[in-house]
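Here is what each chain is made of, one letter per residue.
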Amino acid sequence: MSNIIATQKIHEQYGGVVPELASRAHIEKIVSVVDAAIKQSGYSLAELDAIAFTQAPGLIGALLVGAQYAKSLALALDKPLIAVHHMQAHVLANLLQDPAPSFPFLCLTVSGGHTQIVHCVSPTEMKIIGQTIDDAAGEAFDKTAKILGLPYPGGPLIDKYAKDGKAIYKFSEPKIDGLDFSFSGLKTSILYFLNNAGASNVYKVEYTATAEERQKFIDENLANICASVQERIISILLNKLKKAVLQTGITRVCIAGGVSANSGLRQSLKDIGEKNGWQTYIPPLEFCTDNAGMIAITAYYKYLANDFVGMDITPSANGSF
Ligand code: KG4
Ligand code: ZN
């Protein structure tokens, strides 16, 4: 009925999210965001069936603000309280589209903090069958952007510049067994590649480029560098997804999380699906990056399953499902 998103611009100048500033911004904005959401929905607070909030994982300060506000609201309105797992919610954002995938399906969840292949049996039953052993896909985008001198979060900017470039630089794909991912090696090879001004992406103790040559190379080749990095991140993700489909025999495939907003990933998943006879599902952009709609749809299924929590519930920075 409504999906209000408050973006925090304050972090851009720091090159990443500053936890203390994030908590403070949550305190400042939560009342007006809830008010706006209620107004847009056309319902009153009294008409709601339950109050849901994100319980884990995330920055503990931000989670505490949401949990405390949700508890207060539930107590004041005498409504049941529902705790939602952020990563489970990213997956279930796929159920907000029409047609929605039927179960079972596989979901590649790619965000700023997570990279997972999830085997979903039902809205309340899902299992992680592959995940990153170091950086998340979103981090690979953001850290590359930082190396290139672009502001945070760099993912959307790399996507934008990649559209005008060609993937002419070949960064190697990590050799990780099974369905797990690794992105830290890619970041390092991009760094060496730039420190040698594109002469080589092989590790060299002595850099061949001066700071000026490095910057000149970036300025003149930004679009091609972005296209090359993006293509490699996408191929790492989709090769593992292909493996997961073969392993499970499940051909209904979804994507979720902030990186699923990437235009290259969206197109490549569509292409690979058509080629291999998969049924692919890609959420609308507003349900890819963090949003309230995904928390609400997850809460809806928990409500149907009578899965409520008491006032003693506490948020958790980690916590898996
Ligand atoms: O799911 P999300 O909004 O927040 C987390 O739960 O982390 O994901 C944020 C991540 C950031 O790393 C951001 O750079 C990335 O999603 N992202 C993108 C794009 N839009 C957001 N990465 C690549 N291309 C995009 N278009
Ligand atoms: Zn997220």
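Residues numbered from 1 in each chain as written. Chains lettered and ligands numbered in written order. Predicted model: local features only at pLDDT ≥ 70, side-chain atom pairs only at ≥ 80, totals over all residues. Heavy atoms only, no water.

Student: Lay out the coordination of the zinc ion (ligand 2) with the relevant residues and their values.
Tutor: The zinc ion (ligand 2) binds to the protein through H86 (NE2), H90 (NE2) and D290 (OD), with metal-donor distances spanning 2.0 to 2.1 Å. Binding-site remark: the zinc ion (ligand 2) is held by donors from one chain whose sequence spacing is H-x3-H-x199-D. Within this pair, H86 and its partner H90 are both found in helix α3 (residues 86-92), separated by 4 residues, close to a single helical turn. (Donors = N, O, S within 2.8 Å, 3.2 Å for Na, K, Ca; no water. Helix = DSSP H or I, 4+ residues; strand = E, 2+ residues; numbered from the N terminus.)

Student: Any details on the nonpolar core? Residues and values, ideally.
Tutor: Side chains that are nonpolar tend, in soluble globular proteins, to be buried together. Judged by nonpolar contacts, the single largest core of 46 residues is most densely connected at L194, I233, L237 and L269. For this core, the leading source of residues is helix α7 (residues 211-248), giving 15 residues. Leaving out residues up to four positions away in the same chain, I233 has contacts with A137, A140, F141, F183 and L186. The next biggest cluster of nonpolar side chains, apart from the first, holds 12 residues, and it includes L95, F105, A256 and Y281. (Core = buried A, V, L, I, M, F, W, Y, C linked by side-chain atoms within 4.5 Å. Buried < 20%, exposed > 50% of the residue type's maximum accessible area, 1.4 Å probe, protein only. Contact = heavy atoms within 4.5 Å.)

Student: How would you sum up the packing of aromatic side chains? Please name residues and give values.
Tutor: If you walk through the whole model with that rule in mind, you get 8 aromatic pairs. On the numbers, 5.1 Å between centres and 85 degrees between planes, the contact of F171 with F193 is edge-to-face. Highlighted residues: F171 in the loop between α5 (155-162) and α6 (184-195) and F193 in helix α6, separated in sequence by 22 residues. Note on Y300 and Y301: the rings are 5.1 Å apart at their centroids and 75 degrees apart in plane angle, and the pair reads as edge-to-face. Residue classification places Y301 among the partly exposed residues on the basis of a relative accessible area of 25%. The structure contains a cluster of three or more aromatic residues connected by ring pairs, namely Y169, F171, F193 and F217. (Phe/Tyr/Trp six-rings, centres within 6.5 Å; stacked < 30°, edge-to-face > 60°.)

Student: With reference to specific residues and values, describe the domain arrangement of the chain.
Tutor: The domains assigned to the chain are domain 1 (9-90 + 289-304) and domain 2 (103-282). For domain 1 and domain 2, the distance between their C-alpha centroids amounts to 29 Å. Tallying the contact residues gives 10 residues for domain 1 and 12 residues for domain 2. For the pair domain 1 and domain 2, the summed buried area comes to about 1,100 Å², and 70% of that belongs to carbon and sulfur atoms. Per-residue buried area on domain 1 facing domain 2 is highest for M87, Q88 and H90; these three make up 46% of the total on that side. Linking domain 1 with domain 2 are 0 salt bridges. The interface formed by domain 1 and domain 2 contains 0 residue pairs in polar contact (both at pLDDT 80 or more). (Domains from an automatic or database assignment. Buried area = accessible area lost by both parts, 1.4 Å probe. Salt bridge = Lys/Arg side-chain N within 4 Å of Asp/Glu carboxyl O. Polar contact = N/O pair within 3.5 Å; in protein donor to acceptor, adjacent residues only side chain to side chain.)

Student: I'd like to hear about the packing of helix α4 (residues 137-147) against α6, residue by residue, with values.
Tutor: Running from N to C, α4 and α6 cross one another at 15 degrees; their axes reach a closest spacing of 10 Å. On the basis of their axis angle, the class for α4 and α6 is roughly parallel. Pair α4 / α6 crosses with right-handed handedness. Contacts from K143, T144 and I147 of α4 reach α6 at K187, I190, L191 and L194. The residue makeup of the contact of α4 with α6, split by class, is 4 nonpolar, 1 polar and 2 charged. (Axes fitted to C-alpha atoms, helices over the stretch in contact; angles between N-to-C directions. Parallel < 35°, antiparallel > 145°, perpendicular 65-115°, else oblique. Left-handed = near helix turned anticlockwise from the far one by under 90°. Nonpolar A, V, L, I, M, F, W, Y, C, P; charged D, E, K, R; others polar.)

Student: Give me unusual backbone geometry: which residues, what numbers.
Tutor: A cis amide bond links D98 with the next residue in sequence, P99, at an omega value of 5 degrees. Examined against the element boundaries, P99 turns out to sit in the loop between α3 and β3 (105-110). Cis rather than trans, the peptide bond between F103 and P104 has omega equal to -5 degrees. Relative to the elements of secondary structure, P104 occurs in the loop between α3 and β3. Despite not being glycine, D78 shows a phi value in the positive range, around 55 degrees. For D78, a relative accessible area of 71% translates into the label exposed. Unlike most non-glycine residues, A197 shows phi in positive territory, near 50 degrees. Residue A197 is classed as partly exposed on the basis of its relative accessible area of 21%.

Student: Tell me about the site of ligand 1, and please be specific about residues and values.
Tutor: As a structural note, the neighbourhood of ligand 1 is formed by 19 residues, with G112, D142, D159, G258 and N262 the closest of them. Within the side chain of D159, a nitrogen or oxygen atom sits 2.9 Å from a nitrogen atom of ligand 1. Between ligand 1 and the protein, one listed contact pairs a nitrogen atom with a side-chain N or O atom of N262 at 3.0 Å. In isolation ligand 1 has 550 Å² of accessible area, and contact with the protein removes 86% of it. Mapped onto the shell around ligand 1, the elements with two or more residues apiece are α3, α4 and α5. Looking at which domains feed residues into the shell around ligand 1, each of domain 1 (9-90 + 289-304) and domain 2 (103-282) gives three or more. (Near = heavy atom within 4 Å. Areas by Shrake-Rupley, 256 points an atom, 1.4 Å probe, with all protein chains shown as cover.)

Student: Give me the pattern of salt bridges: which residues, what numbers.
Tutor: Scanning the model with the defined rule gives 9 salt bridges in all. Measuring nitrogen to oxygen at the nearest pair gives 2.7 Å for the salt bridge that ties R24 to E20. Here the residue R24 and the residue E20 both occupy positions in helix α1 (residues 19-41), the gap between them amounting to 4 residues, near one helical turn. Among the residues examined, R24 registers a relative accessible area of 49% and is labelled partly exposed. Two residues, D135 and K143, come together in a salt bridge whose shortest N-O distance is 3.2 Å. Each member of the salt-bridge network shares a partner with another, and the members are D135, E139, K143 and K187.

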